[in-house]
Amino acid sequence: MLDDFLVRAALAGLGVAIAAAPLGCFVVWRRMAYFGEATAHAAILGVALALAFSLPILPSVLVAALIMATAVSALTGRGYAMDTVLGVLAHSALAAGLVAVALLGNVRLDLMAFLFGDILAVNTTDLLVIWGGAAAVLLLMFSRWPALLMATLSPDLARASGINPRREELVLTLALAIVVAVAIKVVGVLLIAALLVIPAAAARPLARTPETMALGAILIGATSSLGGLWAALMLDTPTGPTIVCIAALIFLLSIAVGGIRNR
Amino acid sequence: MKPVIATHGIGVKLGGRLVLHDVSVSIIPREIVTIVGPNGSGKSTFLRALIGAVPLSSGHIDKAPGLRIGYVPQKLAIDATMPITVRRFLGLPHKIGLKTVDAALMRADVGGLGDHQMSDLSGGQFQRVLLARALLENPQVLLLDEATQGLDQPGSAAFYRQIEEVRRNLGCAVVMVSHDLHVVMAASDRVLCLNGHICCEGTPEIVASAPEYRALFGTGTKGALALYRHEHSHSHDHNHDHLHDHKDHA
């Protein structure tokens, strides 16, 4: 069954969507949308460096994403607003990555595949990596769910309950780096942030608790992945962007439904 | 009596500025301690140091083993991006039975709000929900940071009555920070006047007549607090260092 490229693509899309959705909720709650973007952009730099020094790609991307996350935390609170720091770092990382790729010259690299993903080229090893990463992220998040929520609601209240909010922040950063690393193949660095934020945002008007929102985001993410894959085949369009378009459509639908319900 | 929590000469630096220095305070069971002080005097920082939210630059804090702290922060904005009902909020981070949660809400006078979204609550309802949450795990010490902010006068009065009741029923110590001086002082066993360090402390009467206290509140508010003071002299020792501190924040 795994021999069929379509089945592999569907499984890859599902894996990424399921891992990205609950994390995406935290990205939305903590107003870190741009943070996700910056981490994703750093990934292209990771890819370039991996190729330059013939290192394995996945760990390089993980490290690049983590370094970016650390750099962002280190730079904010030094007279720069968070969005400025992210704007500088995200685009610098993307630009540096693109320049590095060009400098490699002799290495054959399908840049478009990294920027926009190539879900139809996912092989069995990729699939193992994606589901391994997704399982790690889900395990990490669900084992610490209440602490993560509390640290997000109020770091001080978390402290008073004996939770270290810095540690929870670190857990989220690590989870984000893993999701970015495994999602590159599916949607590419430019659209990873979309897969994090859009399903969570679409689930918001329909949810009354954090748990239902996370569950809704998973369902919406999974539907977008499968629907996008199907639509891309039907319309002969690039798969990654089509997945994001379907997610955006669901987002619009959810706003409409939420608006009607609140009337 | 053995204190539930005690600070020994603690200092806190925030952004290179020494916000607190040499603060030694012992809180014994069942007492209500009020901390007063001008803006920027380190009142909130002191409470945050007690819960461990800010690192100490000097000194140390002794807590009774397994101390349960209830904390009501000064400001808590629950972002509308997170859907969360009042009940769910009270059940975080520890799972708590529905009955207990509803009883806590009833006790805080917000019994019917369990199904409401936190982001839909009014300021007063929000404070009561925060108090209900702080009381859920039977704290041995309750820390209140400007807890009556956003409450009108009858609202604050009711809130303080509730605090006294909580002390009676749960037997917990209460440390509150406020600039709502006249109301707060009446309910307190002890008042600490804070301005980076403890300028003076004692019963409400002693503190109200202390020159250090008057130096901070008599001139600092340009006499606006004269409402609560029958008289206040302007003969202060102007070489006091905290006076200069105060001017920076005026």
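Note that the coordinates shown come from a computational prediction; the quantities given were computed from them, not determined experimentally.

### Quick word on helix H11 (residues 210–235) of chain A
- Spanning 26 residues, H11(A) covers 36 Å between terminal C-alpha atoms, matching the ideal 38 Å at 1.5 Å per step.
- One or two steps after H11(A), the chain reaches A:Asp236, where phi turns positive at roughly 55 degrees.

### Regarding the side chain of A:Glu168
- Tracing the sequence through the fold places A:Glu168 in helix H9 (residues 165–187).
- Those residues in contact with A:Glu168 that lie beyond four places of it in its chain are A:Arg144, A:Ala147, A:Leu148, A:Ala151 and A:Ile163.

### Considerations on the side chain of A:Ser225
Residue and element names in this part refer to chain A.
- Locating Ser 225 in the fold gives a position in helix H11.
- Within the structure, the side chain of Ser 225 is placed 3.1 Å from the backbone oxygen of Gly 13, a separation counted as a polar contact.
- When near neighbours in sequence (up to four residues on either side) are disregarded, Ser 225 contacts Gly 13, Leu 14, Ala 17 and Ile 243.

### Observations regarding helix H1 (residues 43–51) of chain B
All names here are of chain B.
- Within H1, seven of the nine residues are buried, leaving the element largely enclosed by the surrounding structure.
- Those residues of H1 lying buried are Lys 43, Thr 45, Phe 46, Leu 47, Ala 49, Leu 50 and Ile 51.
- Among the residues trailing H1, Gly 52 stands out with phi positive, at a value near 90 degrees.

### Details of the interface of chain B and chain A
- Listed by partner, the interface residues are 26 residues for chain B and 23 residues for chain A.
- Of the roughly 2100 Å² buried where chain B meets chain A, counting both sides, 60% is carbon and sulfur surface.
- When the area that chain B buries against chain A is broken down by residue, the three leading residues are B:Thr81, B:Met82 and B:Pro83, summing to 27%.
- Linking chain B to chain A there are three salt bridges.
- Between A:Glu211 and B:Arg88 there is a salt bridge, with the nearest N and O atoms lying 2.7 Å from each other.
- The interface formed by chain B and chain A holds ten residue pairs in polar contact (both at pLDDT 80 or more) in total.
- Contributions of two or more residues to the side of chain B that touches chain A are made by H1, strand E5 (69–72), helix H2 (86–90) and helix H4 (123–135) of chain B.
- Looking at the side of chain B that touches chain A residue by residue, the class counts come to 15 nonpolar, six polar and five charged.

### Observations regarding the confidence of the model for chain B
- Chain-level pLDDT for chain B is 79 on average; 84% of the residues reach the 70-or-more range.
- Contacts from residues 219–250 of chain B, a stretch scored under 50 in pLDDT, to residues over four places away or in other chains number 40 contacts.

### Things to note about the packing of aromatic side chains
- Applying the stated criterion to the full structure yields four aromatic pairs over all chains.
- Each ring, one from A:Phe26 and one from A:Trp29, has its centre 5.0 Å from the other, and the planes form 80 degrees; the classification is edge-to-face. Of this pair, A:Phe26 and A:Trp29 both sit in helix H1 (residues 5–29), three residues apart, which is roughly one turn of the helix. There is no split in this pair, since A:Phe26 and A:Trp29 are both buried.
- Connected via pairs of aromatic rings, a cluster forms that spans A:Phe26, A:Trp29, A:Phe142 and A:Trp145.
- The ring of B:Phe89 is capped by B:Arg133, whose NZ or CZ atom sits 5.6 Å from the centre of that ring.

### What to know about the sheet that holds strand E4 (residues 58–63) of chain B
Residue and element names in this part refer to chain B.
- The sheet built from three strands is open, its strands ordered E2-E1-E4 with antiparallel pairing. Two strands bound the open sheet, and with one partner strand each, they are strand E2 (17–27) and E4. For this sheet, the mean angle separating the axes of adjacent strands, direction not counted, is 25 degrees.
- In the sheet, strand E1 (residues 5–14) pairs with E2 via seven bridges, with the strands oriented antiparallel. What sits directly across from Thr 7, in E2, is Val 25.
- Relative to the sheet, H1 contacts E1, E2 and E4, its axis offset from that of E1 by approximately 115 degrees.

### Focus: the packing of helix H10 (residues 192–203) of chain A against H11(A)
Residues and elements named next belong to chain A.
- With their axes 8 Å apart at the nearest point, H10 and H11 run at an angle of 120 degrees to one another. Here H10 is positioned oblique relative to H11, judged by the angle of their axes. Viewed along their axes, H10 and H11 form a crossing whose handedness is right-handed. Packed against H10, whose contacting residues are Pro 199, Ala 200, Ala 202 and Ala 203, the element H11 presents Met 213, Gly 216, Ala 217, Ile 220 and Gly 221 at the interface.
- For the contact of H10 with H11, the residue count by class is seven nonpolar, two polar and no charged.

Cut-offs and rules
- Residues numbered from 1 in each chain as written.
- Chains lettered and ligands numbered in written order.
- Predicted model: local features only at pLDDT ≥ 70, side-chain atom pairs only at ≥ 80, totals over all residues.
- Heavy atoms only, no water.
- Helix = DSSP H or I, 4+ residues; strand = E, 2+ residues; numbered from the N terminus.
- Expected span 1.5 Å × (residues − 1).
- Contact = heavy atoms within 4.5 Å.
- Polar contact = N/O pair within 3.5 Å; in protein donor to acceptor, adjacent residues only side chain to side chain.
- Buried < 20%, exposed > 50% of the residue type's maximum accessible area, 1.4 Å probe, protein only.
- Buried area = accessible area lost by both parts, 1.4 Å probe.
- Salt bridge = Lys/Arg side-chain N within 4 Å of Asp/Glu carboxyl O.
- Nonpolar A, V, L, I, M, F, W, Y, C, P; charged D, E, K, R; others polar.
- pLDDT = per-residue confidence, 0-100.
- Phe/Tyr/Trp six-rings, centres within 6.5 Å; stacked < 30°, edge-to-face > 60°.
- Lys NZ or Arg CZ within 6 Å of the ring centre and 35° of its normal.
- Pairing = 2+ DSSP bridges.
- Axes fitted to C-alpha atoms, helices over the stretch in contact; angles between N-to-C directions.
- Parallel < 35°, antiparallel > 145°, perpendicular 65-115°, else oblique.
- Left-handed = near helix turned anticlockwise from the far one by under 90°.

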